[in-house]
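Working through the structure, step by step
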Amino acid sequence: MENPSVILFYSTNYAIWTKNVLQKLHIEHKMASVPRHLSSECGYCVMIQNQDKEKIIQILHQNGIEYDRIESLIGLS
Amino acid sequence: MLSPKAKVVYFDNPATSFPKPEIVVDAIAQCMKEIGGNPGRSGHRMSMEAGEQIFFTREVLSDFFGVQNPMKVIFCSNATDALNLAIQGLAYQGGHAITSSMEHNSTIRPLYELEKQGKIRLSIIPCSSEGLLSCGHLENAITKQTSMVVINHSSNAFGTEQPIQKIGEICKNRGIAFIVDSAQSAGILPLNMAKDNISILAFSGHKGLYGPMGTGGLIIADDFNHKKIRPLKFGGTGSLSDKIEQPDFLPDCFESGTLNVPGVAGLRAGILFIKEKGLACIRKHKEDLVAYFLKKARAAVPGFLTYIPDSSIKTGIISFNIQGFLCSEIANALSEEYNIMSRQGLHCSPLAHKSMGTFPHGTVRFGFSIFNTKEECDLAIESLQEITQKKGKK
Ligand SMILES: Cc1ncc(COP(=O)(O)O)c(C=O)c1O
């Protein structure tokens, strides 16, 4: 991904829920291990294109999917 | 003497359904062979795939029971486990609980224990001779302190159906939590959390939903705040690993410990099997078998006794006795001499048998599944005939 951001969740149950919703809507995304510098969670997060962020926030909201926060990874790799 | 090759007739489906559909067995095997990870614990692909198995089943279950948020589906190891979580989880605040005399011990025992410990006050409302709870009696029993009403949708001992929608309406209008035990009705009777005004539904995965043993769960209504329920188990969830506090969000707050992933995958296949058949078709099959069996048994087996009007049997259960026999004699002879599996006695429901006048001896119970046939009913009737004739000759 060129301009990646990650959605962090309190629980991987919500990460998988998000993956399935984004998949159905054909929105680019990838499951990834939680970057250690961002969180001490042991599970995974959903990586998205930074430019899709606003659209995805709306989708999460519409589906009632709770998430912790969205962090940009630009410039970190 | 019974030939080891004699066909097995399995009529103990209310205890657990058998056989399981092929797709259930295949889903479990596939999960065990190919999806070996622990869901939610690790960041690798196999862990995620296991997590997806769980998620897909949550989606199927929430859709099946009319709940929008799949995270409101909590996996437990059976209906008893789920009922204990709901009942004990709500009771920590005290108050007054109401239940009926048609309950299974998985409801009555936790309630009775809480009452014994002085944590709640309990009212058990007697049901009619047809096993029905009167809404008037329920309304009279409700007090300002009433915090929960727990009702068995369908009796495991007699196959009767409670008017849950009306009971739910009464509870909803008064802000009382309504817990439904769907162990015997899920997969047979229509159930919709929203339409039926249910706050919390406990289900068994291994009976009418055709999943494997070791599966079951709770479904919490979209408009019911899960924080009113206190977890019974505390421990690892894979989430908030930096904290020693139990998470308070769904479903993690109630799902400490590794889930039965192959079982949950099998349960999803069971529900897909039911959806394909259609509840109406499953019900019709059972009703046909009940009508067929009762008509023939009454004509052919002297002293054949049932206890409720035939029209009150809603879930394919026949509870009977034969005059001059103990129910244990019948069930033992059926198993040992004819390879027919049934359950005799009180079916973990002493109060239900008291309500119907069959306590303390109980009844023989046949419970049909989608896989039972009229030929099996014929075989059972011939066997019962022989059993009665043999005793007559002695
Ligand atoms: C009405 C009812 N409730 C609860 C249960 C308990 O179910 P489980 O065996 O899944 O714990 C049963 C099982 O027979 C039942 O019939």
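Residues numbered from 1 in each chain as written. Chains lettered and ligands numbered in written order. Predicted model: local features only at pLDDT ≥ 70, side-chain atom pairs only at ≥ 80, totals over all residues. Heavy atoms only, no water.

What follows is about the overall build of chain B. A tally of regular secondary structure across chain B gives eleven helices and 13 strands. What you see for chain B is a C-alpha radius of gyration of 22 Å, in line with the 21 Å of a compact globule of 394 residues. Sorting the 394 residues of chain B into buried and exposed places 57% on the buried side. A separation of at least 24 residues holds for 70% of the contacts in chain B among residues at least 6 apart in sequence. Surface summary for chain B: the accessible area is close to 16,300 Å², and the carbon and sulfur share equals 53%. The distance from the centre of the 41 positive side-chain charges to the centre of the 37 negative ones in chain B is 4 Å. (Helix = DSSP H or I, 4+ residues; strand = E, 2+ residues; numbered from the N terminus. Rg over C-alpha atoms; globule rule 2.2 N^0.38 Å. Buried < 20%, exposed > 50% of the residue type's maximum accessible area, 1.4 Å probe, protein only. Contact = heavy atoms within 4.5 Å. Areas by Shrake-Rupley, 256 points an atom, 1.4 Å probe, with all protein chains shown as cover. Lys, Arg positive; Asp, Glu negative; His and termini not counted. Charge placed at Lys NZ, Arg CZ, Asp CG, Glu CD.)

Of the residues in chain B, 98% reach a pLDDT of 70 or more, and the chain-wide mean stands at 94. Listed scores for the predicted complex are pTM 0.94 and ipTM 0.83. (pLDDT = per-residue confidence, 0-100.)

Accessible area lost upon the coming together of the parts serves often as the stated size of an interface. Residue-level contacts link 17 residues of chain A with 25 residues of chain B. Approximately 1,700 Å² of surface area, both sides summed, lies buried where chain A meets chain B, with 56% of it carried by carbon and sulfur atoms. The tally of links between chain A and chain B comes to two salt bridges. Note that Lys19(A) and Glu52(B) form a salt bridge whose closest N and O atoms lie 2.7 Å from each other. Of all the elements in the fold, those that place two or more residues in the side of chain A that touches chain B are helix 1 (12–24) and strand 2 (29–33) of chain A. If one sorts the elements of the side of chain A that touches chain B by residue count, helix 1 of chain A sits on top with eight residues. Looking at side-chain class alone, the side of chain A that touches chain B contains seven nonpolar, seven polar and three charged residues. (Buried area = accessible area lost by both parts, 1.4 Å probe. Salt bridge = Lys/Arg side-chain N within 4 Å of Asp/Glu carboxyl O. Nonpolar A, V, L, I, M, F, W, Y, C, P; charged D, E, K, R; others polar.)

Right, let's talk about the packing of helix 1 of chain A against helix 2 (residues 45–64) of chain B for a bit. Two numbers describe how helix 1 of chain A lies on helix 2 of chain B: the axes approach to 9 Å, and their chain directions differ by 75°. Overall, the two elements helix 1 of chain A and helix 2 of chain B adopt an arrangement that is roughly perpendicular. Between helix 1 of chain A and helix 2 of chain B, the residues in contact are Asn13(A), Ile16(A), Trp17(A), Lys19(A), Asn20(A) and Lys24(A) and Met48(B), Gly51(B), Glu52(B), Phe55(B), Phe56(B), Arg58(B) and Glu59(B), respectively. Counted by class, the contact of helix 1 of chain A with helix 2 of chain B contains five nonpolar, three polar and five charged residues. (Axes fitted to C-alpha atoms, helices over the stretch in contact; angles between N-to-C directions. Parallel < 35°, antiparallel > 145°, perpendicular 65-115°, else oblique.)

Our focus in this paragraph is the packing of helix 2 of chain B against helix 7 (residues 261–277) of chain B. Residue and element names in this part refer to chain B. Running from N to C, helix 2 and helix 7 cross one another at 35°; their axes reach a closest spacing of 9 Å. Regarding helix 2 and helix 7, the two cross each other, and that crossing is left-handed. Contact residues: Ala50, Gln53, Ile54, Phe56, Thr57, Val60, Leu61, Asp63 and Phe64 in helix 2; Val261, Val264, Ala265, Leu267, Arg268, Ile271, Leu272, Ile274 and Lys275 in helix 7. Of the residues assigned to the contact of helix 2 with helix 7, the class counts are 13 nonpolar, two polar and three charged. (Left-handed = near helix turned anticlockwise from the far one by under 90°.)

What follows concerns the site of the ligand. Residues and elements named next belong to chain B. Lining the immediate environment of the ligand, one finds 14 residues, of which Thr80, Asp181, Gln184, Ser204 and Lys207 sit closest. Asp181 is positioned such that a nitrogen or oxygen atom in its side chain is 2.6 Å from a nitrogen atom of the ligand. Out of a free accessible area of 390 Å², the ligand has 91% covered by protein chains. Partitioned by chemical class, the residues of the shell around the ligand number three nonpolar, nine polar and two charged. (Near = heavy atom within 4 Å. Polar contact = N/O pair within 3.5 Å; in protein donor to acceptor, adjacent residues only side chain to side chain.)

All names here are of chain A. Taken in spatial order, the four strands of this open sheet run 2-3-1-4, and their pairing is antiparallel. At either margin of the open sheet sits one strand with a lone partner, and together these are strand 2 and strand 4 (69–72). Going from strand to strand, the sheet's axes swing by 30° on average, the running direction of each strand aside. Relative to strand 3 (residues 44–49), strand 2 runs antiparallel, the two being bridged by five bridges. (Pairing = 2+ DSSP bridges.)

All names here are of chain B. When its domains are assigned, chain B resolves into domain 1 (9–20 + 278–393) and domain 2 (22–277). Counting residues at the interface gives 36 residues for domain 1 and 39 residues for domain 2. Run the count over domain 1 and domain 2 and you get zero salt bridges. The interface formed by domain 1 and domain 2 contains 21 residue pairs in polar contact (both at pLDDT 80 or more). Within the side of domain 1 that touches domain 2, the residues separate by chemical class into 18 nonpolar, 13 polar and five charged. (Domains from an automatic or database assignment.)

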